[in-house]
Amino acid sequence: MSDEAATQSAKKFRVLIVDDKPAMRQAFSNMLYFEEDLDIIGTAEDGAEAVKKASELAPDVILMDIEMPVMDGITATQYIKRQQPGTLIVAVSSEVRHKNSALQAGATAFLIKPFTLEEVTEIIRQKS
């Protein structure tokens with residue numbers, strides 16, 4: 001294995017999970033838990049908390065729900081991308097109508113709930 005390949009395979013992506021529903025945060029955490037290159041560094045229950053935690057934890061990747069109280073995922077994405085433009089944000093929603101707004105706000109990708117482990121990990125690994 002080349003040094004570059006070894007470095008790439010050893011890279012761990014620091015992931016912040018954002019969703020207003022505790023069951024969804026837990027489901028996303030469980031889904032990603034056994035992926036050796038993904039390290040879940042925290043969770044947030046709304047966009048305002050996501051902005052705060054993104055600043056504190058500096059995640060590589062944020063799995064961002066769109067419809068949340070206090071601050072929605074679109075607004076939170078805009079704030080985070082202004083402060084940390086290199087952060088990969090995967091917007092997630094059960095409503096496809098949010099796709100264009102999420103991508104315009106700075107999300108790297110958009111997934112419809114429910115999504116598979118393969119869908120989310122492929123985005124993280126290809127876009128990072």
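Residues numbered from 1 in each chain as written. Predicted model: local features only at pLDDT ≥ 70, side-chain atom pairs only at ≥ 80, totals over all residues. Heavy atoms only, no water.

Draft legend 1. Representation of the packing of aromatic side chains within the structure. If you walk through the whole model with that rule in mind, you get 2 aromatic pairs. Each ring, one from Phe28 and one from Phe115, has its centre 5.3 Å from the other, and the planes form 25°; the classification is stacked. Here Phe28, found in helix α2 (residues 22-32), pairs with Phe115, found in the loop between β5 (109-112) and α6 (117-127); they are 87 residues apart in sequence, far enough to count as distant. An identical accessibility class is assigned to Phe28 and Phe115; each is buried. (Phe/Tyr/Trp six-rings, centres within 6.5 Å; stacked < 30°, edge-to-face > 60°. Helix = DSSP H or I, 4+ residues; strand = E, 2+ residues; numbered from the N terminus. Buried < 20%, exposed > 50% of the residue type's maximum accessible area, 1.4 Å probe, protein only.)

Draft legend 2. Examining the confidence of the model for the chain more closely. This prediction gives the chain a mean pLDDT of 92; 92% of its residues lie at or above 70. Across residues 1-8, where pLDDT falls below 50, the model places 2 contacts with residues more than four positions away in sequence or in other chains. (pLDDT = per-residue confidence, 0-100. Contact = heavy atoms within 4.5 Å.)

Draft legend 3. Broad picture of the pattern of salt bridges. According to the stated counting rule, one finds 9 salt bridges in the structure shown. Its salt-bridge partner being Lys21, residue Asp20 comes within 3.7 Å of it at the nearest N-O pair. Of the residues examined, Asp20 reaches a relative accessible area of 23% and is grouped as partly exposed. A salt bridge links Asp37 to Arg125; the shortest N-O distance between them is 2.7 Å. Within this pair, whereas Asp37 is found in the loop between α2 and β2 (38-44), its partner Arg125 is found in helix α6, the two being separated by 88 residues in sequence. On the basis of relative accessible area, Asp37 is assigned to the buried category, the value being 15%. Overlapping salt bridges bring together Asp19, Asp65 and Lys113 as one network. (Salt bridge = Lys/Arg side-chain N within 4 Å of Asp/Glu carboxyl O.)

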